[in-house]
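One-letter residues, chain by chain:
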Amino acid sequence: MSARLEAGVQVTGGFWLLLLWFLFANGWQLLAAVLLAAAVHEGGHYLVLRLLGAEVIAVRISVFGAEMQVRGRLSYGGDLAATLAGPGANLLSGCLLAAMGGPWLVFAGAHLVLGCFNLLPIRPLDGGRALAAAVRWTAGPDAGEWAARWIGGAAAAALAAGVFFLMWRSGGSLWLLPAAIGLIAASAGEVRGKRSFL
């Protein structure tokens with residue numbers, strides 16, 4: 001969820017570049033599995049927002065997924081529930097698909113990876129937003145912002161270093177490069193107090 005977006009649906013250039021990169025590196029079958037997992041993820045957010053009485057008035061799709069702007073304000077608990085609903089939908093779907101086995105394992109993997117990735121404590125991922133909401137709920141708004149900024153920035157920097165290490169160990173494989181760039185942008189944005197979305 002986001003505070004300021006123009007009404008309607010906006011898709012960033014970074015999203016299209018990532019889509020083409022993923023298609024080139026992995027093929028259309030895996031891309032279809034990931035896009036289906038992403039649709040379930042956003043559906044989880046949307047369902048809980050609607051159950052909480054919130055109206056989604058704008059959506060922005062970037063390399064970090066979709067941000068939904070809602071009319072009105074949610075309680076800290078409501079914000080936390082809506083934020084965790086996306087990864088929760090993926091993890092539940094992934095477990096059900098894995099239990100079915102066979103050809104469903106690719107789809108299960110896409111759901112499980114997307115759900116776990118989104119739980120990383122880095123904004124604008126759901127884990128970073130959930131961290132901020134949980135700390136705001138228990139310790140106040142300033143503490144929530146501090147936790148999200150510094151824990152998220154440190155986690156993004158550490159993960160970016162890990163991604164570069166994996167790239168080096170894999171002989172320069174570039175399929176991890178978009179993730180590294182996104183993590184560096186997230187870390188730098190948190191430290192500067194600005195979160196730019198690619």
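Placed above this text is the structure.
Conventions we followed
- Residues numbered from 1 in each chain as written.
- Predicted model: local features only at pLDDT ≥ 70, side-chain atom pairs only at ≥ 80, totals over all residues.
- Heavy atoms only, no water.
- Helix = DSSP H or I, 4+ residues; strand = E, 2+ residues; numbered from the N terminus.
- Buried < 20%, exposed > 50% of the residue type's maximum accessible area, 1.4 Å probe, protein only.
- Lys, Arg positive; Asp, Glu negative; His and termini not counted.
- Salt bridge = Lys/Arg side-chain N within 4 Å of Asp/Glu carboxyl O.
- Polar contact = N/O pair within 3.5 Å; in protein donor to acceptor, adjacent residues only side chain to side chain.
- Contact = heavy atoms within 4.5 Å.
- Expected span 1.5 Å × (residues − 1).
- Bend = angle between axes of the 7 residues up to and from the residue.
- Pairing = 2+ DSSP bridges.
- Axes fitted to C-alpha atoms, helices over the stretch in contact; angles between N-to-C directions.
- Parallel < 35°, antiparallel > 145°, perpendicular 65-115°, else oblique.
- Left-handed = near helix turned anticlockwise from the far one by under 90°.
- Core = buried A, V, L, I, M, F, W, Y, C linked by side-chain atoms within 4.5 Å.
- Nonpolar A, V, L, I, M, F, W, Y, C, P; charged D, E, K, R; others polar.

(A) Spotlight on the side chain of Asp126. Here Asp126 is to be found in helix α5 (residues 126–139). Of the side chains with opposite charge, Arg129 lies nearest to the buried Asp126, which makes no salt bridge, at 4.7 Å. A distance of 2.8 Å separates a polar atom in the side chain of Asp126 from a polar atom in the side chain of His41. Once residues within four sequence positions are removed from consideration, Asp126 is found in contact with His41, His45, Thr83, Pro87 and Asn118.

(B) Looking closely at helix α3 (residues 76–100). End to end, α3 covers 36 Å across 25 residues, agreeing with the expected 36 Å (1.5 Å per residue, within 8%). Along α3, the helix axis deviates most sharply at Ala85, where the bend reaches about 35 degrees; the proline Pro87 sits within four residues downstream. In the segment just after α3, Gly101 is the residue with positive phi, at about 65 degrees.

(C) Looking closely at the pattern of salt bridges. In total, this model carries six salt bridges according to the counting rule given. Where Arg129 meets Glu67, a salt bridge forms, and the shortest distance between an N and an O atom there is 3.5 Å. With Arg129 in helix α5 and Glu67 in strand β3 (residues 65–71), the pair connects residues that are 62 residues apart, well separated along the chain. Here Arg129 falls in the buried class, since its relative accessible area comes to 13%.

(D) Structural detail: the sheet that holds strand β1 (residues 8–11). If you walk across this open sheet you meet the three strands as β1-β2-β3, and the pairing is mixed. Because the sheet does not close on itself, it has two edges, and the strands there are β1 and β3. Each strand of the sheet is rotated relative to its neighbour by a mean of 15 degrees, with strand direction disregarded. Here β1 runs beside strand β2 (residues 55–62); their pairing, made up of four bridges, is parallel. By the bridge assignment for β2, Gln10 is matched with Arg60. In this fold helix α2 (residues 28–51) packs onto β2 and β3, with an angle of close to 10 degrees to the strand it touches most, β3.

(E) Representation of the environment of Gly78 within the structure. For Gly78, the location among the structural elements is in helix α3. Judged by relative accessible area, Gly78 falls into the buried class, the value being 8%. A sequence separation of 30 residues divides Gly78 from Val48, and the C-alpha atoms of the two residues are 8.7 Å apart.

(F) Just the packing of α5 against helix α6 (residues 141–169), in detail. Contact geometry for α5 and α6: axes closest at 7 Å, N-to-C directions at 150 degrees. Our classification of the angle between α5 and α6 gives roughly antiparallel. For the crossing formed where α5 meets α6, the hand is right-handed. For the pair α5 and α6, the contacting residues are Gly128, Leu131, Ala132, Val135, Arg136 and Ala139 in the first and Pro141, Ala143, Gly144, Glu145, Ala147, Ala148 and Ile151 in the second.

(G) Structural context of the nonpolar core. Counting nine residues, the largest nonpolar core consists of Val48, Leu49, Ala54, Val59, Ala66, Met68, Val70, Ala82 and Ala85. For this core, the secondary-structure elements that each account for two or more residues are α2, β3 and α3. Here this core takes three residues from β3, the largest share from any one element.

(H) Molecular detail of the packing of α3 against helix α4 (residues 105–118). Their axes nearest at 8 Å, the elements α3 and α4 cross at an angle of 155 degrees. One way to sum up the angle between α3 and α4 is to call them roughly antiparallel. Crossing angle aside, the handedness with which α3 passes α4 is left-handed. Seen from α3, the contacting residues are Pro87, Asn90, Leu91, Ser93, Gly94, Cys95, Leu97 and Ala98; seen from α4, they are Leu105, Phe107, Ala108, His111, Leu112, Leu114, Gly115, Cys116 and Asn118. A breakdown of the residues in the contact of α3 with α4 according to their chemical character gives 11 nonpolar, six polar and no charged.

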